[in-house]
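# Survey of secondary and tertiary structure
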Amino acid sequence: MARGEHSPACARRWREQAGSEQWTPWQTAQAIHGCCGVSLLKAHRLARGWSARQAVQELEEMCLRQDLGEARANIDLLNAWENKRARPRPQTIDLLARLYRANAVRLGLAGDYCDDESEARVVVLSGGEGRQPYRAEERREGDGAADGRNDMERRALFHHALLGSRFVMNGRLLAEVERTRQELDRTLARATVTEDQLDALDEQVLRYRREYITSAPLPMLYRLMLELCDVRALVTARQPAMAQRRLLSATVMLALLSADALMKLGDTRQAHAWYGTARTASDDMGDLRLRALVRAQQAMLPYYYGDLAETVRLAREARTLAGNAPSSPAALGAAAEARALARLGEHKAARAALAEAERIFARMPPEGHDHLAFRFSERRLQFYRIGTLIELGEEVDWTPGPSGAYTIDPVLLLLDQAAHMARGGKADDACHLAEKALLQVPPEHRTSIVLSRARVVLSEVPEGRRRAAAVRRLTDLVVDALPVS
């Protein structure tokens, strides 16, 4: 299962509902594709309940039965095609189309450039008792009535989620998060707004940046989607240059907040896509400092989910775009690079990058005591300094302060400390520290980004110590904190 995909159980539930409601295989495949984060090609296989091995066997038997020649497919090739790491040959695409009773477009292996509207789009709905795809007429460009209806339905969906007694993640909500981003990307390519509206929007974005630091990521994500629906309506028509720049600036900030929330929730596929939206908006705006900020923030995603070299690349790109003037993006880029290099074992380069971050910060103008997301404050510098020193293996004289702004930052540092203690042979002490760190996080903040660091601590415990009481308690705490799908 690729990162960002739902578990096979999700596809199984769609198949069960498809069977009871007599959907076509194409409807089932679309529902799985829209909900589970898999390619269309893989969705066709999952819609039939086949494993990769079964699909290859079915393909070989079909070729033999219909005298179509050798299939020239195996499990590894099928996985590569389904995860878009390779592309099948034209002859093989034809065989796959025969196997799944589809065509290359429906398999996601060709583009559909038809300008007719004979085929309706299928949109995934899921949640509660009924989960179903409904057919929606494709909207003509500029169909304001259809846009209004869809925005109202989406806003009602996120309002309902915010008003519930507990916040949940499900296929329908995440599909709407994805649709919001896709529609925003489309409207960025095609804008009448008053100064009062722009001022109100600037104030709202500032409020989100202030509240984001202490807010749980899931309800904040839904609130951001509501705001982005409003912004998209303003961006739809091209505006005068100054108004357009202010709208793009707001779009960048809201998209970055959305990407960061999704990163904390562990949805790396959508987080990556939202960072892409922020890049599109910042590149369109042409503000080098804002473009640098997007790259510096995006560097956090590969840092927490596995590709440190990509973190270094993005951090250096941010520093290049930020230029010589001292700024938050420049300082963040240097600090992010330092922490990643330290974890990679490049200690000399890490110390140099950290020193550069401190020099940039010392030259930055004071920005007041207001805590804002994406502002590189002294507290943020301390977070990156301590994190880098921990990765360098140095003893750090540091005690977490009271909870408040930056709710999870102290916890991430404690978990990094615990991981280094475990590597040093202090498994019990490491698990005690990790347990203490997790328990001080409110449940709504105990998301994937926190749990993934706790799992790193457990992975460093030697096999012979896995049954120790402290290790078992931490394991149980991590398992209990996992969201129920």
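Each chain has its residues counted from 1, following the order in which its sequence is written. For this predicted model, a pLDDT threshold of at least 70 governs which residues receive local features, and a threshold of 80 or more governs which side-chain atom pairs are given and counted, while totals over whole chains, interfaces and linings are taken from all residues. Side-chain measures here rest on the full set of heavy atoms in the structure, leaving out hydrogens and waters.

### Some thoughts on empty space enclosed by the protein
Two kinds of site are reported from a 1 Å grid over the protein atoms alone, namely cavities, where a 1.4 Å probe fits but cannot get out, and pockets, open sets with protein on both sides within 12 Å along at least five of seven lines, and residues are called lining when an atom falls within 4 Å of a point. Grid points are joined across faces, edges and corners, and a volume is the space filled by probe spheres set on the points. Of the volumes computed, that of the largest cavity is approximately 440 Å³. Residue lining of the largest cavity: 27 residues in total, with Tyr 212, Asp 260, Lys 264, Arg 380 and Asp 409 positioned closest to the centre. Strands here are runs of E lasting at least two residues and helices are runs of H or I lasting at least four, both read from the DSSP assignment and numbered beginning at the N terminus. Elements that contribute at least two residues to the lining of the largest cavity include exactly helix H11 (241–265), helix H14 (300–304), helix H18 (378–391) and helix H19 (409–423). Considering only residue class, the lining of the largest cavity consists of 17 nonpolar, five polar and five charged. Of the pockets and cavities examined, the second largest cavity occupies roughly 40 Å³. Forming the walls of the second largest cavity are Ala 55, Val 56, Leu 59, Ala 73, Leu 78, Trp 81, Leu 96, Leu 99 and Tyr 100. Taken together, the elements giving at least two residues each to the lining of the second largest cavity come down to helix H4 (52–65), helix H5 (75–82) and helix H6 (90–99). Gly falls in the polar group here, along with every residue not listed as nonpolar (Ala, Val, Leu, Ile, Met, Phe, Trp, Tyr, Cys, Pro) or charged (Asp, Glu, Lys, Arg).

### Describing the state of the cysteines
Disulfides are defined as cysteine sulfur pairs within 2.5 Å. One pass over the structure, following the stated rule, counts zero disulfides. The closest cysteine sulfur to the non-disulfide-bonded Cys 10 is located on Cys 36, 3.5 Å from its own sulfur. Three exposure classes are used, based on accessible area relative to the maximum for each residue type with a 1.4 Å probe and protein chains only: buried under 20%, partly exposed in between, and exposed over 50%. Accessibility expressed as a relative area gives 5% for Cys 10, which makes it buried.

### Regarding the pattern of salt bridges
Salt-bridge detection follows one rule: a side-chain nitrogen of Lys or Arg within 4 Å of a carboxyl oxygen of Asp or Glu. A complete count under the given rule lists 31 salt bridges for this structure. One salt bridge connects Asp 199 with Arg 246, and the closest N-O pair in it is separated by 2.7 Å. Here Asp 199 is found in helix H9 (residues 195–212), whereas its partner Arg 246 is found in helix H11, with 47 residues between them in sequence. Three or more residues are tied together by salt bridges with common partners; here these are Arg 279, Asp 283, Arg 291, Arg 295, Glu 310, Arg 313 and Glu 317.

### Considering the packing of aromatic side chains
Note on aromatic contacts: the rings of Phe and Tyr and the six-membered ring of Trp form a pair at centre separations within 6.5 Å, being stacked when their planes are under 30 degrees apart, edge-to-face when over 60 apart, and tilted otherwise. In total, this model carries seven aromatic pairs according to the counting rule given. With centroids separated by 6.0 Å and ring planes inclined at 40 degrees, the aromatic side chains of Trp 14 and Trp 23 adopt a geometry described as tilted. According to the relative accessible area criterion, Trp 14 is buried, its value standing at 0%. Note on Trp 23: relative accessible area 14%, which makes it buried.

### What about the packing of H9 against H11?
One way to put it is that H9 packs onto H11 with a least axis distance of 10 Å and a crossing angle of 25 degrees. Between H9 and H11, the interaxial angle falls into the category roughly parallel. The two elements H9 and H11 meet at a crossing, and its hand is left-handed. Between H9 and H11, the residues in contact are Glu 195, Leu 198, Asp 199, Leu 201, Asp 202, Val 205, Tyr 208, Arg 209 and Tyr 212 and Ala 243, Arg 246, Leu 247, Ala 250, Met 253, Leu 254, Leu 257, Asp 260, Ala 261 and Lys 264, respectively. Looking at the contact of H9 with H11 residue by residue, the class counts come to 12 nonpolar, no polar and seven charged. Only the contacting stretch of a helix is used when fitting its axis, a line to C-alpha atoms as for every element, and angles between N-to-C directions run 0 to 180 degrees. Roughly parallel means an angle under 35 degrees; roughly antiparallel means over 145; roughly perpendicular covers 65 to 115; every other angle is labelled oblique. Here is the rule for handedness: rotate from the far helix to the near one, and if that takes an anticlockwise turn smaller than a right angle the crossing is left-handed, while a clockwise turn gives right-handed. Between two residues, a contact is recorded if the distance between any of their heavy atoms is within 4.5 Å.

### A word on unusual backbone geometry
Leave glycine aside and you will find that most residues have negative phi; peptide bonds, for their part, are mostly trans. The backbone phi angle of Lys 84 is positive, close to 60 degrees, even though this residue is not glycine. Note that Lys 84 resides in the loop between H5 and H6. For Lys 84, a relative accessible area of 66% puts it in the exposed group.

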